[in-house]
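Overview (structure and organization)
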Amino acid sequence: MIRTQVGIVGAGPAGLMLSHLLAQHGIESVVLEARAREYVEKRLRAGVLEYDTVNLLTETGVGERLAREGLVHRGLELRYGGQGHRIALDELTGGRTITVYGQQEVVKDLIAARLAAGGTIEFEVSDVDVHDIDTDAPRLTYRTGAGTAEEIRCDVIAGCDGSHGVCRDAIPAGVLTAYEKVYPFAWLGVLAQAPPSSEELIYTFHERGFALHSMRSPSVTRLYLQVPPEEDLGAWSDDRIWSELSTRMSTSDGEWKLAEGPILERGITGLRSFVSEPMRYGRLFLAGDATHIVPATGAKGLNLAVADVRVLARGLAEFYASGSTARLDSYSATCLRRVWRVQHFSWWMTSMLHRAYDGDEFGERLRLSQLDYVTSSRAAAVTLAENYVGLPFD
Ligand code: RFL
Ligand code: PHB
């Protein structure tokens, strides 16, 4: 039997960042992770860090490699009708920027920091089960990688186990309300050994569908194509992927060329908006993808997970320092206010930039009008920019 203050399920950005922030307040935690360390350190996902996410990582001592290797972006491009339009993120937001730095790099940095500080992360656990969350002595049971049955006794459990986790299901039926929207399309994403063809991200709306140009380093590009939801990855040869990207991203002046290279990884991901409320039941607190999902168009999932655990860590710090549960009691309401803002932004970006495949020409005209507005009105551009770089935490 292991005794700790906070039992954390999941070593994604939410669980690791929570453990890291708690350690800054002298609060002990144990992180349980189903996958192997190598797996979570290689899992290819998000790439965009909001301004305040970067600040938080930096202020808490895990921003060293990020400062060296992260790519600071002061703008992004919206491309449609064969023309690019730059949104000057920094100018529109009083100097705020985003940083392109792979999620797995954040995960690697956080794991290294936790282990160096003597923290405990148990990888390759199975059969995690959550008990007694409606008492003040909750427990976690699980099997270690070697197969031994273990138990953790703690004061609080943090369910940071992502969209396929077990924590949310431990809450009794009838307590939670779920809100969901599934989009009639998916993203085919590739990672390519090719230099970025532009210094900034390019979000493209084209009659054949959305395309996104992003990157990971000066020699690695990350590219996405909108595809039907049930698309077969096997139907996409390398040539077809490059040709479709070039077609969708081409400019009317014929000047723009997409640099090609060997495709290192590829995959198809559905787009989904989901919120489960409230984010707490008894001594179980849910954070990150375990309780909400955003479509990737707004680049918000990781950032929202970090924002949640920042609120939770503060609540727990107050609880251990003074015994007050005031911040913990408002955890769900505080987080949900940001969650719904980010849900709206992500839905809005998604709706503006994707073909609906439904033959609705009225909707198509609305999308073009919205793009025209965002790229010609300062007020509209500010709305996009301030949400994209991230609204301030407080
Ligand atoms: P994670 O990262 O899914 O971590 C959950 C962890 O819990 C483990 N786990 C369990 N462990 C023990 N027992 C169990 N029963 C368990 N069940 C699960 C899992 O193995 C995992 O390690 O959730 P977290 O920490 O909430 O973080 C959320 C983010 O990962 C996610 O929101 C982002 O990746 C979303 N996202 C993006 N977010 C951004 O902020 N900016 C982006 O540019 C961005 N792009 C993306 C994205 C997600 C994508 N995919 C693949 C979904 C692009 C893509 C393609
Ligand atoms: C990425 O670089 O993977 C990325 C960038 C922006 C998004 C989504 C994903 O909106």
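Quick caveat: nothing in here was measured; it's all calculated off a predicted structure.

1. Regarding the site of ligand 1
Surveying the vicinity of ligand 1 reveals 33 residues, the closest of which are Glu33, Arg43, Gln103, Asp289 and Leu302. A distance of 2.6 Å separates an oxygen atom of ligand 1 from a polar atom in the side chain of Arg43. About the coverage of ligand 1: the protein hides 87% of its 1,000 Å² of free accessible area. Mapped by element, the contributors of at least two residues to the shell around ligand 1 are helix H1 (13-24) and helix H8 (301-322).

2. A closer look at the site of ligand 2
The immediate surroundings of ligand 2 are formed by 14 residues, with Tyr203, Ser214, Arg216, Tyr224 and Ala296 found nearest. One of the side-chain nitrogen or oxygen atoms of Tyr203 is found 2.8 Å away from an oxygen atom of ligand 2. Here Tyr224 contributes a side-chain N or O atom positioned 2.6 Å from an oxygen atom of ligand 2. Protein contacts shield 97% of the accessible area of ligand 2, which totals 280 Å² for the unbound molecule. When contributions to the shell around ligand 2 are tallied by element, the ones reaching two or more residues are strand S16 (211-217) and strand S17 (220-227). Top contributing element to the shell around ligand 2 by residue count: S16, with three residues.

3. Re the sheet that holds strand S13 (residues 156-159)
Taken in spatial order, the six strands line up as S9-S3-S2-S13-S20-S19 in an open sheet, and their pairing is mixed. Edge strands, defined here as strands with exactly one partner in the open sheet, are strand S9 (120-122) and strand S19 (280-281). Both S19 and strand S20 (residues 284-286) contribute to a ladder of two bridges, which runs antiparallel. The partner of Tyr281 across the bridge, within S20, is Leu284. Sheet strands in contact with H1 are strand S2 (6-9), strand S3 (29-32), S9 and S13, and its direction is about 160° off that of S2.

About the thresholds
- Residues numbered from 1 in each chain as written.
- Chains lettered and ligands numbered in written order.
- Predicted model: local features only at pLDDT ≥ 70, side-chain atom pairs only at ≥ 80, totals over all residues.
- Heavy atoms only, no water.
- Near = heavy atom within 4 Å.
- Polar contact = N/O pair within 3.5 Å; in protein donor to acceptor, adjacent residues only side chain to side chain.
- Areas by Shrake-Rupley, 256 points an atom, 1.4 Å probe, with all protein chains shown as cover.
- Helix = DSSP H or I, 4+ residues; strand = E, 2+ residues; numbered from the N terminus.
- Pairing = 2+ DSSP bridges.
- Contact = heavy atoms within 4.5 Å.
- Axes fitted to C-alpha atoms, helices over the stretch in contact; angles between N-to-C directions.

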